[in-house]
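For reference, the chains in residue letters:
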Amino acid sequence: MASPGEKRWEHFPHMADIGVRGIAPTLAEAFEQAALAMCAVVTDPSLVRPETAVDIERHASDADLLLVDWLNALATEMSARRMIFSHFHVEIADGHLRATAWGERANPARHQPAVEIKGATLTELHVFQDAHGQWIAQCVVDV
Amino acid sequence: MNIQHLTRTSDAEWRIAPTGKMRVPGIIFATEQLIREMDEKVIEQTSNVAMLPGIVKASFAMPDAHWGYGFPIGGVAAFDPNEGGIISAGGVGFDVSCGVRTLLTGLQLEEIGLHKEELADALACSIPAGVGSRGHLHLSSDELCAMLEGGAQWAVSRGYGDAADLDRIEEHGCMEGAQPELVSAQAKARMQDEVGTLGSGNHYLEVQYVARVFDARAAEAFNLRPQQIVISIHCGSRGLGHQIGTEYLREMAEAASSYHIDLPDRELACAPLRSPLGERYLGSMRAAINCALANRQVLTHLTRQAFDRIFPGSHPRILYDVSHNTCKLERHVVDGVLRELFVHRKGATRSLGPGSPELPEEYQSVGQPVLIGGTMGTSSWILAGTRESEQRAFSSACHGAGRAMSRHAATRRWRGRELVDDLAQHGILVRSPSLRGVAEEAPGAYKDVDAVIEATGQAQLARKVAQLLPLIVIKG
């Protein structure tokens, strides 16, 4: 587990698909890290240039569903725009998410993208604060 | 899996007795070896599905079952709309109508020999594959709706294939009841440039040969001969299906409580079949089925073009096209009574036995071709549906090998370049835009498909007809 104040992402195993997890001091940063984890399912985020910005807004009745909505909005943008993202800025207040994602058009030779994200699922979906006050935002994504 | 709470009812059938909120038993089809290797989640998810309103007879899991989202992958469940039955977006999956289509080339193994590299390159060039790839078609809004309404019939009417192709596709190539007007603008936007694309992950196009025939009579009806070259295409409804799955899973998760459905797990999100939400999903999901059928039809056309360039006049024809992520209205006899049920198959293939009126005439005497994909280094299989399968599991069988290892573990263990070189040494040419994608799909990351096929045969869900081995693999 990350030390308080640290932010990072990780994957966790699911047999057919893959789990994504963001860990950070704030809820918004945990959502940013979860998005980074999802993009790392597709390619190495360090290979993706933050050339184009895409704005995303979502509202949900609870933090769990807001995470699913956020990740699915990114998956939709990646598919419709043929983009891969690597940088995120998220703000969350009263169940309302405002975000910007930066990335570039998918380049098979340079990015070697492994899979498309079909969607974020409700499986292993948890958004919570651990005993150290760190926010955890996670779910399984279908690939 | 800990099997102490299961009752073995035959060599390849295990029963989960109904307890707590389970309305019906759970039935898992597997040999002892396969069931011991299955994850515990299969029991949990099979039991959870058994709690859903209107479920009929049992909640089934096929021999390749593994942990899914809500429903297990390899799950089959039928619901009666007259008994409050539900429909579940998770019970169909994100890749609506993902399935396999197999084409017969009429060519023999020795004819491919000198042209293998050329054919691999021609297919890699013709078939758009991988993340971010676009198809050769750009559909206007009206054309997109026509495609969602007409499926493979739309594709044939636009010159992608022959009218005869439709006889060899489930639903004659067009799922009735599709409502393109219910499909969201986002789902349509994702599909405008994706018709005729393979996708990524476990989707593939393979050139294979018939390594062994097990049932000569069925093989003759299917026109399969030893050493014959066939082509198998595994893909689904692309971005449109993914978007529909995403939208309805979310909506059903929030709406379940308003329908007073007590979900054992939120991810079993569903709605009554007879509800505005259930009916909207049905109309949208049927449009996505047509999208998948049109997609595989256009890919067939592109495959034929590539083959015809190298083998003029070969014009591969369809053996069959069957989906393994669907919910369909079907007639089944339950306890002697004919009922109309909505059968969910999530990672399970329909397996109609001999005499089924839905089959083409030439397959009537032997049953439906059941097309099972393996991995890029191992067997795929052609099975035939059995009469027993109707009684066992609403005419259903397995759909593939199922993963034995996560994608992350696979990339730590194998490198894409080495796998491609190793497979080439074994006579299998792999063409993929992503070496990382190849590593994630390493044959060793999957279970033994042959063991799944043996269990499927033992459970009488389908019987072996022919074993296929890969020669050329196009991956996304």
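So, here is what we can say about the structure in this document. (Residues numbered from 1 in each chain as written. Chains lettered and ligands numbered in written order. Predicted model: local features only at pLDDT ≥ 70, side-chain atom pairs only at ≥ 80, totals over all residues. Heavy atoms only, no water.)

1. Considerations on the overall build of chain A
- Along its length, chain A carries three helices and eight strands.
- Helices and strands in chain A line up, N terminus first, as β-β-α-β-α-β-β-α-β-β-β.
- Here chain A has a C-alpha radius of gyration of 14 Å; the compact-globule value for 143 residues is 15 Å, and the two agree.
- Projecting the C-alpha coordinates of chain A onto the three principal axes gives extents of approximately 45 × 30 × 25 Å.
- Buried residues in chain A amount to 61% of all 143 residues.
- Within chain A, residue pairs in contact and separated by at least 24 positions form 62% of the contacts whose partners lie at least 6 positions apart.
- For chain A, the computed accessible surface area is about 5200 Å², with 50% contributed by carbon and sulfur atoms.
- Of the charged side chains in chain A, 11 are positive and 20 negative, and the gap between their average positions amounts to 8 Å. (Helix = DSSP H or I, 4+ residues; strand = E, 2+ residues; numbered from the N terminus. Rg over C-alpha atoms; globule rule 2.2 N^0.38 Å. Buried < 20%, exposed > 50% of the residue type's maximum accessible area, 1.4 Å probe, protein only. Contact = heavy atoms within 4.5 Å. Areas by Shrake-Rupley, 256 points an atom, 1.4 Å probe, with all protein chains shown as cover. Lys, Arg positive; Asp, Glu negative; His and termini not counted. Charge placed at Lys NZ, Arg CZ, Asp CG, Glu CD.)

2. Structural notes on the packing of helix α1 (residues 27–42) of chain A against helix α2 (residues 63–81) of chain A
Residue and element names in this part refer to chain A.
- Running from N to C, α1 and α2 point in directions that differ by 40 degrees, and their axes come no closer than 11 Å. One finds that α1 runs oblique with respect to α2. Here α1 runs over α2; the crossing is right-handed. When α1 is examined against α2, the residues F31, A34, A35, M38, C39 and V42 are found in contact with a partner set consisting of A63, L66, L67, W70, L71, L74, A75 and M78.
- Grouping the constituent residues of the contact of α1 with α2 by class yields 14 nonpolar, no polar and no charged. (Axes fitted to C-alpha atoms, helices over the stretch in contact; angles between N-to-C directions. Parallel < 35°, antiparallel > 145°, perpendicular 65-115°, else oblique. Left-handed = near helix turned anticlockwise from the far one by under 90°. Nonpolar A, V, L, I, M, F, W, Y, C, P; charged D, E, K, R; others polar.)

3. What to know about the sheet that holds strand β1 (residues 6–10) of chain B
Residue and element names in this part refer to chain B.
- In spatial order, the strands read β1-β2-β3-β4-β5-β13-β12; together these seven strands make up an open sheet with mixed pairing. Looking along the sheet, the strands with just one partner apiece sit at the ends: β1 and β12 (325–334). Recorded for the sheet is a direction-independent mean angle of 25 degrees between the axes of neighbouring strands.
- Across three bridges, strand β3 (residues 26–29) lies against strand β4 (residues 55–69) in parallel orientation. Of the residues in β4, the one forming a bridge with I28 is A61.
- Along the sheet, helix α2 (residues 41–49) makes contact with β1, β2 (13–16), β3, β4 and β5 (71–79), crossing β4 at roughly 150 degrees.
- On the sheet, helix α10 (residues 276–310) packs against β12 and β13 (337–346) and is oriented at approximately 110 degrees with respect to β12. (Pairing = 2+ DSSP bridges.)

4. With respect to the interface of chain B and chain A
- Each side of the interface is counted separately: chain B has 44 residues, and chain A has 42 residues.
- Note on chain B versus chain A: buried area summed over both sides is about 3700 Å², and carbon and sulfur give 52% of it.
- On the chain B side of the interface with chain A, the three residues burying the most area are W67(B), V131(B) and R250(B), jointly 19% of the side's total.
- For the pair chain B and chain A, the number of links is six salt bridges.
- Taken together, the connections running from chain B to chain A amount to 17 residue pairs in polar contact (both at pLDDT 80 or more).
- Listed by contribution, the elements that provide at least two residues to the side of chain B that touches chain A are β4, α7 (185–191), α9 (238–255) and α14 (435–440) of chain B.
- When residues of the side of chain B that touches chain A are assigned to their parent elements, the largest contribution, nine residues, is made by α9(B).
- Here the side of chain B that touches chain A is built from residues that sort into 10 nonpolar, 18 polar and 16 charged. (Buried area = accessible area lost by both parts, 1.4 Å probe. Salt bridge = Lys/Arg side-chain N within 4 Å of Asp/Glu carboxyl O. Polar contact = N/O pair within 3.5 Å; in protein donor to acceptor, adjacent residues only side chain to side chain.)

5. Describing the sheet that holds strand β3 (residues 52–59) of chain A
Residue and element names in this part refer to chain A.
- Within the open sheet, the three strands sit side by side as β3-β5-β4. Their pairing is antiparallel. The open sheet has two edge strands with one neighbour each: β3 and β4 (83–93). Strand-to-strand twist of the sheet, defined as the mean angle between neighbouring strand axes without regard to direction, takes the value 20 degrees.
- Pairing of β3 with strand β5 (residues 96–105) involves eight bridges; the strand directions are antiparallel. Within β5, the residue paired with D55 across the bridge is T100.
- Its contacts with the sheet place α2 against β3, β4 and β5, and it is angled at close to 145 degrees to β3.

6. Observations regarding the pairing of strand β11 (residues 317–323) of chain B
Residue and element names in this part refer to chain B.
- The element β11 is extensively covered by neighbouring structure, given that six of its seven residues are classed as buried.
- Across six bridges, the pairing between strand β7 (residues 99–108) and β11 is antiparallel. Residue pairing for β11: G99 is matched across the bridge by S323.

7. A closer look at the packing of aromatic side chains
- Inspection of every chain in the model, using the stated rule, returns 10 aromatic pairs over all chains.
- With centroids separated by 6.4 Å and ring planes inclined at 65 degrees, the aromatic side chains of F85(A) and F88(A) adopt a geometry described as edge-to-face.
- For the pair F222(B) and Y363(B), a centre-to-centre distance of 5.1 Å together with 85 degrees between the ring planes defines the contact as edge-to-face. Of this pair, F222(B) sits in helix α8 (residues 216–222) while Y363(B) sits in the loop between β14 (349–350) and β15 (369–372); the two residues are 141 residues apart in sequence, bridging distant segments of the chain.
- Given the relative accessible area of 0%, Y363(B) is considered buried.
- Taken together, the aromatic side chains of W70(A), F85(A) and F88(A) make up a single cluster linked through ring pairs.
- Seen from the ring of F394(B), K57(B) lies directly overhead, with NZ or CZ sitting 5.3 Å from the centre. (Phe/Tyr/Trp six-rings, centres within 6.5 Å; stacked < 30°, edge-to-face > 60°. Lys NZ or Arg CZ within 6 Å of the ring centre and 35° of its normal.)

8. Considerations on the packing of helix α4 (residues 116–126) of chain B against α10(B)
All names here are of chain B.
- Between α4 and α10, whose axes approach to 9 Å, the crossing angle comes to 150 degrees. When the axes of α4 and α10 are compared, the crossing they make is right-handed. Only L302, T303, A306, F307, R309 and I310 of α10 make contact with α4, whose side of the interface consists of E118, L119, A122, L123 and S126.
- For the contact of α4 with α10, the class distribution of residues is seven nonpolar, two polar and two charged.

9. Topic: the nonpolar core
- Residues F31(A), W70(A), L71(A), L74(A), V141(A), I28(B) and M147(B) are the most contacted members of the largest nonpolar core, which totals 188 residues.
- Considering every element that reaches this core, the biggest residue donor is α10(B), with 16 residues.
- Once you skip the residues sitting within four places of it in the chain, V141(A) turns out to touch D17(A), I18(A), V20(A), M38(A), V41(A), I117(A), G119(A) and A120(A).
- Grouped together as the second largest cluster of nonpolar side chains are 21 residues, L104(B), A218(B), L319(B) and V366(B) included. (Core = buried A, V, L, I, M, F, W, Y, C linked by side-chain atoms within 4.5 Å.)

10. Some points on the environment of M83(A)
All names here are of chain A.
- Relative to the elements of secondary structure, M83 occurs in strand β4.
- Under the relative-accessibility criterion, M83 is labelled buried at 7%.
- Spatially, the C-alpha atom of M83 lies 13 Å from that of D55, the residues being 28 residues apart in sequence.

11. Points about the environment of K7(A)
Residue and element names in this part refer to chain A.
- As for its placement among the helices and strands, K7 is situated in the segment before β1 (8–13).
- Residue class for K7 comes out partly exposed when judged on its relative accessible area of 43%.
- Along the chain, K7 and T52 lie 45 residues apart, while their C-alpha atoms are 24 Å from each other.
- Sequence-distant contacts of K7, that is, excluding residues within four places in its chain, are made with I23, A24, P25, E29, E32 and Q33.

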